Amino acid sequence: MLSKVVIPVAGLGTRVLPASKAIPKEMLTVVDKPVIQHVVEEAIEAGFREIILVTRSGKQAIEDHFDHHYELEHELTRKGKHDLRAAVNDTLPDDVEIVSVRQPQALGLGHAVLCAKHVVGDEDFAVILPDMVIDNPDGQRDLTAMAERYRATGKGQIMVESVPQEQVQRYGIVDCGGVPVGPGEAAEIRGMVEKPAAEDAPSNLAIVGRYILPARVMQLLQETQPGAGGEIQLTDALLTLTHEAPLEAFNMRGRVYDCGNKAGLLQANVALGLRHAETGEALREFLTTINW
Ligand code: G1P
């Protein structure tokens, strides 16, 4: 049973200020949809049916986005704009439920996930970090492949990608004991460390923000002490888990855009915008004119 996905959305979005002053950073757009809709669609395609947002005050726009907007739907119907009405209406399929819980204090990612404990119950679950938009232009999405691997093996999965050595201190880094892990492959995790200094990093395999985890993680999080940055780190609880149960690093095939920072958000807009039916042609042409 793998149906629930926890999406922490309580961050302040300081890296994309001033854009995120009055709207949640998750509502910034990539082409024609907010970032949060891109990741919710990714989760739905991978088979998840219960979306649990971990939110905070000032972030109601996210919940509103997935709710009905009767006045808008009525107006678009009246004007015969059926495609637009469908786009507004279809932010969430009927068989998908969305609920939100609050993270009253910013005590870290591990704490945010723990805030969803009573909704997750004793089921295995996924965690998606919504800053990271994953693009799989050809073929199956990485999250779908990772969920299939969990369903086939019963082992927890953490998505990783190789990053340049000088960037390891920005991420959780996994140690697969030097076993080569090609794109689309997985290997057992022997150790992991949150935001290590470059000289202490056991590898350059960075956690990109997609996890499929056993229910036990919630209990481990309750016992996890503050770690890197004084925050309760999911990575620390997962390291404890590796001593009890196998956990695999799944190396992604696609490309990840960190939409929690300005350059990543722009890159995602260009990459996805070039393939979008309404914007691709005009954007391609425009990019050739600014090639100074
Ligand atoms: C979090 C995780 C980290 C992961 C990163 C991916 O860190 O703690 O392990 O590599 O997300 O974006 P944050 O970026 O929230 O500091």
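Just above sits the structure.
First, a word on scope: everything that follows refers to the structure included in this document. These figures come from a predicted structure and were not determined experimentally.

### Re the overall build of the protein chain
Line of reasoning, step 1. Each helix and strand counted, the protein chain has 11 helices and 14 strands in total.
Line of reasoning, step 2. Scaling as 2.2 N^0.38, a compact globule of 292 residues should have a C-alpha radius of gyration of about 19 Å, and the protein chain matches this with 19 Å.
Line of reasoning, step 3. With respect to the principal axes defined by its C-alpha atoms, the protein chain has extents near 60 × 50 × 40 Å.
Line of reasoning, step 4. When the accessible surface of the protein chain is split by element, carbon and sulfur atoms take 50% of a total near 14,400 Å².
Line of reasoning, step 5. Computed over 28 positive and 42 negative side-chain charges, the inter-centroid distance for the protein chain is 3 Å.

### Thoughts on the packing of helix 10 (residues 262-275) against helix 11 (residues 280-289)
Line of reasoning, step 1. With their axes 6 Å apart at the nearest point, helix 10 and helix 11 run at an angle of 125 degrees to one another. Here helix 11 runs oblique to helix 10, going by the angle between their axes. Taken as a pair, helix 10 and helix 11 cross one another with a handedness that is left-handed. Where helix 10 approaches helix 11, its residues Asn269, Val270, Gly273 and Leu274 are matched on the opposing element by Gly280, Leu283, Arg284 and Leu287.
Line of reasoning, step 2. Split by residue class, the contact of helix 10 with helix 11 holds four nonpolar, three polar and one charged.

### Observations concerning helix 9 (residues 234-242)
Structurally, the α-helix is built with 3.6 residues per turn, so residues lying three or four positions apart point the same way.
Line of reasoning, step 1. Of the positions making up helix 9, those classed as buried are Leu234, Thr235, Ala237, Leu238, Leu241 and Thr242. With its buried residues spanning 160 degrees around the axis, helix 9 presents them on a single face.

### Quick notes on the site of the ligand
Line of reasoning, step 1. Taken together, Leu109, Leu129, Met132, Tyr171, Gly172, Glu194, Lys195, Ile207, Tyr211, Gln233 and Thr235 make up all the residues around the ligand.
Line of reasoning, step 2. Between the ligand and Ile207 there is a distance of 2.7 Å, counted from an oxygen atom to a backbone nitrogen or oxygen.
Line of reasoning, step 3. When the free accessible area of the ligand is taken as 380 Å², the share hidden by the protein chains comes to 75%.
Line of reasoning, step 4. Tallied by class, the residues present in the shell around the ligand amount to six nonpolar, three polar and two charged.

### With respect to the side chain of Glu26
Line of reasoning, step 1. Examined against the element boundaries, Glu26 turns out to sit in the loop between strand 1 (4-8) and strand 2 (29-30).
Line of reasoning, step 2. If we ignore the near neighbours within four places in the chain, the residues touching Glu26 are Val9, Pro34, Val35, Ile36, Lys59, Ile62 and Pro130.

### Notes on the environment of His68
Line of reasoning, step 1. You can see His68 is positioned in the loop between helix 2 (60-65) and helix 3 (70-78).
Line of reasoning, step 2. Linking His68 and Leu92, residues 24 residues apart in sequence, is a C-alpha distance of 9.5 Å.
Line of reasoning, step 3. Sequence-distant contacts of His68, that is, excluding residues within four places in its chain, are made with Glu73 and Asn89.
Line of reasoning, step 4. Among the polar contacts listed, one links the side chain of His68 to the side chain of Glu73, at a separation of 2.9 Å.

### Quick word on the environment of Val256
Line of reasoning, step 1. With respect to the secondary-structure elements, Val256 resides in strand 14 (residues 255-258).
Line of reasoning, step 2. Every residue in contact with Val256, bar those within four places of it in the chain, is listed here: Met132, Val133, Ile134, Glu161 and Val208.

### Details of the pattern of salt bridges
Line of reasoning, step 1. Counting across every chain of the model gives 18 salt bridges.
Line of reasoning, step 2. Taking the shortest distance from any N to any O, the salt bridge between Arg49 and Asp95 comes out at 3.0 Å. Taken together, the residues span a long stretch of sequence, with Arg49 in the loop between helix 1 (35-45) and strand 4 (50-55) and Asp95 in the loop between helix 4 (82-89) and strand 5 (97-102) at a distance of 46 residues.
Line of reasoning, step 3. Put simply, Arg15, Lys25, Asp131 and Asp258 are held in one network by salt bridges that share partners.

### Focus on the packing of helix 8 (residues 216-223) against helix 9
Line of reasoning, step 1. In contact at an axis separation of 9 Å, helix 8 and helix 9 are set at 115 degrees when each is read in the N-to-C sense. Judged by the sense of rotation from one axis to the other, the crossing of helix 8 with helix 9 is right-handed. Contacts from Arg216, Val217, Leu220 and Leu221 in helix 8 reach Leu234, Ala237, Leu238, Thr240 and Leu241 in helix 9.
Line of reasoning, step 2. Of the residues contributing to the contact of helix 8 with helix 9, the split by class is seven nonpolar, one polar and one charged.

### Side note on the side chain of Gln37
Line of reasoning, step 1. The topology assignment puts Gln37 in helix 1.
Line of reasoning, step 2. On the basis of relative accessibility, which here comes to 7%, the residue Gln37 falls in the buried class.

About the criteria used
Residues numbered from 1 in each chain as written. Predicted model: local features only at pLDDT ≥ 70, side-chain atom pairs only at ≥ 80, totals over all residues. Heavy atoms only, no water. Helix = DSSP H or I, 4+ residues; strand = E, 2+ residues; numbered from the N terminus. Rg over C-alpha atoms; globule rule 2.2 N^0.38 Å. Areas by Shrake-Rupley, 256 points an atom, 1.4 Å probe, with all protein chains shown as cover. Lys, Arg positive; Asp, Glu negative; His and termini not counted. Charge placed at Lys NZ, Arg CZ, Asp CG, Glu CD. Axes fitted to C-alpha atoms, helices over the stretch in contact; angles between N-to-C directions. Parallel < 35°, antiparallel > 145°, perpendicular 65-115°, else oblique. Left-handed = near helix turned anticlockwise from the far one by under 90°. Contact = heavy atoms within 4.5 Å. Nonpolar A, V, L, I, M, F, W, Y, C, P; charged D, E, K, R; others polar. Buried < 20%, exposed > 50% of the residue type's maximum accessible area, 1.4 Å probe, protein only. Arc of directions from axis to C-beta. Near = heavy atom within 4 Å. Polar contact = N/O pair within 3.5 Å; in protein donor to acceptor, adjacent residues only side chain to side chain. Salt bridge = Lys/Arg side-chain N within 4 Å of Asp/Glu carboxyl O.

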